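# A look at the structure
Residue strings, one per chain:
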Amino acid sequence: MSIELTDITKTFGSFVALRNVSLTVPDGELVALLGPSGSGKTTLLRIIAGLEQPDPGSGSIRFHDEDVAGHRVGHRRVGFVFQHYALFRHMSVFENVAFGLRVRPRAARPSEHEIRTKVGSLLRLVQLDGLSDRQPHHLSGGQRQRVALARALAIEPRVLLLDEPFGALDAKVRQELRRWLRRLHDELNVSSVFVTHDQDEALEVADRVVVMNQGGVEQVGCPDEVFHRPRTEFVMSFLGNVNRFRGRAEVGRVSFANVAVEHDSALAGDASVFVRPQDVEIETTPNGAPGFKATVLRVHSAGPSVQVELLAESGETLLAELSHERCGALDLRRGGSVVVVPRRVKVFVDRREA
Amino acid sequence: MAAPTGPTPAATRSAVTEPAWIKWLLIAVSIGFLGAFLFVPLVSVFTEALRKGFGAYLDGVRDPSALAAITLTLVTAAIAVPLNLVFGVAAAWAIAKFRFPGRSVLVSLIDLPFAVSPVISGLVFVLLFGLQGWLGPWLSRHDISVVFAVPGIVLATLFVTFPFVARELIPLMQEQGTEEEQAALVLGAGGWQTFWRVTLPNVKWALLYGVILCNARAMGEFGAVSVVSGHIRGQTNTMPLHVEILYNEYNFVAAFAVASLLTLLALVTLGLKSLIEARSL
C-alpha cells in the first residue's frame, strides 16, 4: 500500500514542526526519515499514523489513493512501534500481541482459537515463541522491541511505522536487530517508514532515505544517492563526517586552502567545499597531485581505521581517515609536516554568478 | 599477572554500619514509643469495652441507637466512596493525561479538603444549606432538609474524603504517561475499551488503596459530620458521633463497645493496606 502525503504543515503554538512537506512512499518500500532532533521526522510519522492531525487546511494524506485524513487513528489500520515500545505492562506477551484482535467489534473479532493460532505464528515470526506467558518487565530491550513489532503486525497493517525503533538498545543488539528488520521487511513486503537520527542505520536498512531538517525535506533518494550526491550542504554534513572549507569556484575548478583542484562546477562564486575524511590522502612528500601542506596535530587509532587531525597551512583544521597499514607506512608523528591531497571534493556555490 | 588486592576483612564492614548497641537502642526506643502511644490505647479500647463482660458489650452494640448509628455510617460510606471513586478517577485522568488551562488550579483544589479544618468544611455546608444559608429558604420552601439530616452528612463526608482516590492516582498516572493509551488507539481500540483494558488495569492497586483509605476516613470522620449532623440520636448520629454522646453520658462500656468496632475497621484497613502494598510491588 503506497503512502502519499501532499503539502503537510503542522504547527505547535508558534513552533513550525512541518512546513509544506510532500512525500511518497511506494508500495512495499522501507523508507527512513532521517534528521536531527527537532527536524519534524517524528511529527511526520505521527501524522501518517493519525496520532497528530496536520494543521486545518493543509494538504492530504492518502493510502493507495484513499484519503485517510478524516479517518480516526484506529481506522487507518497502521502498525505503529513506539520508541519505548509502550507495551501494556499488566498483560503477558501473548495478550499484548492479541490486543488488536480482541478489541475488534464483535462481528469482526476472530474466535479464541483463531487468535491463538495467529498470535502463535506472529511470535514465531519474531522468534519469541517460548515467551508468550512472560510479563513485559521480564524481557530484555530487544525482546520488548520484537513484542511491540508482533503486536503492530497482528492487525495486518496496511503500513508499518516505527519511531526510532533501535534508539533505546545497545550498539550490538541494535546492529543485529536492524539486519533482522530488513530481512523481515523483505519477507512481509508491507510499506514501512521508520524514524532515525542515526545515518548508518538509515543508509544500511532503508530502500530510500528522506533527509529532514527544520520541518522540511532536504533530499529524498536511495542511500547511495544521498550519501554520494547530496543536494544541499545540510545533507552533506549530516551524513557522515566532513571537512568544510571556504573557497572560490571557477568554471571547471575550485580553489581552497592554498590548493586548486579540478571540479566539474559549472558555476562560479564563493563556495563551501566539503571533503570527507576518507577522501583525504596524506603524503610525506609532494607527488605531483594538487595538495597543500599541513601539520599533524593528533593521531588516534579509532577501531578499524586511524583518524588523523591536521592543521592546514591556511589555518583550518581537518580530519583524515586512513587504514592502519597506510598510517604505519607513513610513520606519522605529532608535529610532523605532510602534504594533504583531497581526492574528491563536493562544492556548493553560495550564489549564482553568470 | 598480579591479582587485584581485595579489601581486607576488617575493611569489609560497611562505612554506614553502626555499632550493635546503637542499633538495639534505636529499636528499643521505637518499640517502646509505639507500645506506649499506640498499642496500649488500642488494647485499652477493647478492655474497657469488655470490662463488664461480653453480655454488656453486646448490649452496647445492639442498642437501637447504636444500630442506627452503624447503619447510617455504612449508608454514608456506601454513597460517598463510590462517588469519590468516580470523581477521583475522572479528576486524576484529566490532570495526568491532558494539558488544559486551569490544570494547576484543579490540582490545588483537590487538596483543599486536606488543607482546611474539617470543622470549617462542615460549616461551609451549614452556610450553604442551613436555614439562614444561601439555599436555605429555597430548600425549606420545597421541604428538603440537608443540614441536620442525612444528605448533609453524606455531602460533608464526600467533601472531606474527596482527595484520597485522586491523590493516589495522579502521580502514578503521570509517571505512566499516555503512550500505552496511544498504542491501544492505534491498534483499533475505542475510548472505553482503552480505559477499561489499559488505563484502569494499570492503576488498579493504587485505586484500591485509595478506596480503602477513602472508606476508612468516610466511616471515621468526626469534625465535619459533627457540625452538620445536629446529633439527633437514632437519626443523624454516625458511629464516631454516637461514641462521643455515650462517653459524655458516662456510659463507658457502650461507648467503648462502639469504639471497638471503629478500631476493628482501622485494623482491617491496615491489613488490607499492607496486603495491597505487597501485591503492587
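This brings us to the sheet that holds strand 4 (residues 60–63) of chain A. Two orientations exist for strands paired in a sheet by backbone hydrogen bonds: parallel and antiparallel. Residue and element names in this part refer to chain A. The antiparallel open sheet is built from four strands, whose spatial order is 2-1-4-5. For this open sheet the edge positions go to strand 2 (15–25) and strand 5 (66–67), each flanked by a neighbour on one side alone. Note that strand 1 (residues 3–12) and strand 4 share four bridges and pair antiparallel. The partner of T6 across the bridge, within strand 4, is S60.

Once that is clear, we can look at the pairing of strand 13 (residues 259–262) of chain A. All names here are of chain A. Of the two faces of strand 13, only the one carrying V259 and V261 is buried; A260 and E262 on the other face are not. One ladder, built from four bridges, connects strand 12 (residues 253–256) with strand 13; its direction is antiparallel. Note on strand 13: the bridge partner recorded for F256 is V259. In this antiparallel pair of consecutive strands, strand 12 and strand 13, the connection spans two residues, and A257 shows a positive phi of 45 degrees.

So, on to the packing of aromatic side chains. A full pass over the atoms with the stated rule returns 18 aromatic pairs over all chains. When the ring of F274 of chain A is compared with that of F348 of chain A, the centres are 5.7 Å apart and the planes differ by 80 degrees; the resulting orientation is edge-to-face. Separated by 74 residues along the polypeptide, F274 of chain A in strand 14 (residues 269–275) and F348 of chain A in strand 20 (residues 346–349) bring together distant segments of the chain. Between F125 of chain B and F159 of chain B the ring centres are 5.8 Å apart and the planes differ by 80 degrees, which places this aromatic pair in the edge-to-face class. One end of the pair, F125 of chain B, is in helix 5 (residues 118–129); the other, F159 of chain B, is in helix 7 (residues 150–161), and 34 residues separate them in sequence. Among the aromatic residues, those joined into a ring-pair cluster are W93, W192, F195 and W196 of chain B. Taking the ring centre of F88 of chain A as reference, the NZ or CZ of R151 of chain A above it sits at 4.6 Å. The aromatic ring of F227 of chain A is capped on one face by R276 of chain A, whose charged end is 4.2 Å from the ring centroid.

Conventions and cut-offs
Residues numbered from 1 in each chain as written. Chains lettered and ligands numbered in written order. Predicted model: local features only at pLDDT ≥ 70, side-chain atom pairs only at ≥ 80, totals over all residues. Heavy atoms only, no water. Pairing = 2+ DSSP bridges. Helix = DSSP H or I, 4+ residues; strand = E, 2+ residues; numbered from the N terminus. Buried < 20%, exposed > 50% of the residue type's maximum accessible area, 1.4 Å probe, protein only. Phe/Tyr/Trp six-rings, centres within 6.5 Å; stacked < 30°, edge-to-face > 60°. Lys NZ or Arg CZ within 6 Å of the ring centre and 35° of its normal.

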